[in-house]
Amino acid sequence: MEKKVFGYARVSSYEQNEDRQLIALKEVGVPKKRIYVDKQSGKNFDRPAYQRLLRRLDSSCILFVKSIDRLGRNYSDLNEQWRIITKEKGADIVVIDMPLLDTRREKNLLGTFISDIVLALFSYVAENERMNIRQRQAEGIAAAKARGVKFGRPPVPVPENFDEVHRLWREKKLTLRQAAQACRLPESTFFDKARELEGRCGKTRG
């Protein structure tokens, strides 16, 4: 009996494009109607398309993914899902970019052993690289902060009429809304700028 082929693709956000994965899946013969796509992080397997796919898999199925990190990034979870698909469901998995990860190749004990070792190695490397990237990002941000680089939105400049409007507001000749409108600022921003000004003035007098 000819096996049914399925495909799974994943990108981390809606801004990213899954076209390369879809092309690779179609090239190996996966019908479009059997390709499942998630657009969210690979940190766990709580993904709607993946869960629907999992319910359809059985011993008559082959699942194709372009690369192992498209299936998942968490080392322990990835190994557990591989076990569920290949052992509990009895389906085959083919990782297109890693020919060694093809459970159709050897159905004996040695073949299974080799696939499990290769999977453990590649999934470990994938997660380790993800952790290294996060560490490098954190170190880069810390180094930039040490050099005085500011992150976030640039501060809103104070308009030329701010001091005068601030005086009128403090004298209760203007409401907060009127003062903010006069400076073309949101009320919360005007209030924050007023506190900054008063803080500086207080330090000067001290």
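Asks: Hey, could you go over the environment of I85 for me, with residue numbers and the actual values?
Replies: Tracing the backbone through its elements, the reader meets I85 in helix α4 (residues 75-88). A sequence separation of 24 residues divides I85 from C61, and the C-alpha atoms of the two residues are 9.9 Å apart. Here I85 is in contact with Y50, L54, L57, L63, G90, A91 and I93, once residues within four sequence places are set aside.

Asks: Help me get a handle on the pattern of salt bridges, residues and values and all.
Replies: Under the counting rule described, the total for this entry stands at 12 salt bridges. Between R83 and E80 there is a salt bridge, with its nearest N and O atoms 2.7 Å apart. Taken together, the positions of R83 and E80, both in helix α4 and 3 residues apart, correspond to about one turn of that helix. When its relative accessible area of 33% is taken as the criterion, R83 is described as partly exposed. The exposure class assigned to E80 is partly exposed, which follows from its relative accessible area of 33%. One salt-bridge network, in which partners are shared between bridges, spans E164, R167, E171 and K173.

Asks: Before we move on, can you summarise unusual backbone geometry with the specific residues and values?
Replies: Its identity as a non-glycine residue notwithstanding, K172 has a phi of 60°, on the positive side. Along the polypeptide, K172 turns up in the loop between α6 (162-170) and α7 (176-182).

Asks: An account of the packing of aromatic side chains is requested, with residue identities and associated values reported.
Replies: One pass over the full model with this rule turns up 6 aromatic pairs. Considering the side-chain rings of F162 and F190, the 5.2 Å spacing of their centres and the 55° angle between planes classify their relative orientation as tilted. Pair noted here: F162 is in helix α6 and F190 is in helix α8 (residues 187-205), with a separation of 28 residues, a long-range link. Relative accessible area serves as the criterion here: at 0%, F190 is assigned to the buried category. Between the aromatic rings of W169 and F191, the centroid separation amounts to 6.1 Å while the plane-to-plane angle is 85°, which identifies the pairing as edge-to-face.

Asks: Please give an account of the side chain of T103 that cites residues and values.
Replies: In this fold, T103 is placed in the loop between β4 (92-95) and α5 (109-146). A polar contact is formed between the side chain of T103 and the side chain of D92, at a distance of 2.7 Å. Looking at T103, its side chain comes within polar contact range of the main-chain nitrogen of I93, at 2.9 Å. Contacts of T103, omitting those with residues within four sequence positions, involve W82, T86, D92 and I93.

Asks: Residue-level account of the pairing of β4, with values.
Replies: Burial along β4 is two-sided: D92 and V94 facing one way and I93 and V95 facing the other are all buried. Across 4 bridges, the pairing between strand β3 (residues 61-65) and β4 is parallel. Its bridge partner being in β4, I62 is matched across the sheet by D92.

Asks: Describe the sheet that holds β3, naming the residues involved and giving the relevant values.
Replies: One open sheet accounts for 4 strands, arranged β2-β1-β3-β4; its pairing is parallel. Looking at strand neighbours, the two that pair on one side only are β2 (35-39) and β4, the edges of this open sheet. Taken pair by pair, the neighbouring strands of this sheet meet at an average axis angle of 20°, ignoring direction. Against the sheet, helix α1 (residues 19-27) engages β1 (4-11), β2 and β3, with an angle of about 170° to β1.

What counts as what
- Residues numbered from 1 in each chain as written.
- Predicted model: local features only at pLDDT ≥ 70, side-chain atom pairs only at ≥ 80, totals over all residues.
- Heavy atoms only, no water.
- Helix = DSSP H or I, 4+ residues; strand = E, 2+ residues; numbered from the N terminus.
- Contact = heavy atoms within 4.5 Å.
- Salt bridge = Lys/Arg side-chain N within 4 Å of Asp/Glu carboxyl O.
- Buried < 20%, exposed > 50% of the residue type's maximum accessible area, 1.4 Å probe, protein only.
- Phe/Tyr/Trp six-rings, centres within 6.5 Å; stacked < 30°, edge-to-face > 60°.
- Polar contact = N/O pair within 3.5 Å; in protein donor to acceptor, adjacent residues only side chain to side chain.
- Pairing = 2+ DSSP bridges.
- Axes fitted to C-alpha atoms, helices over the stretch in contact; angles between N-to-C directions.

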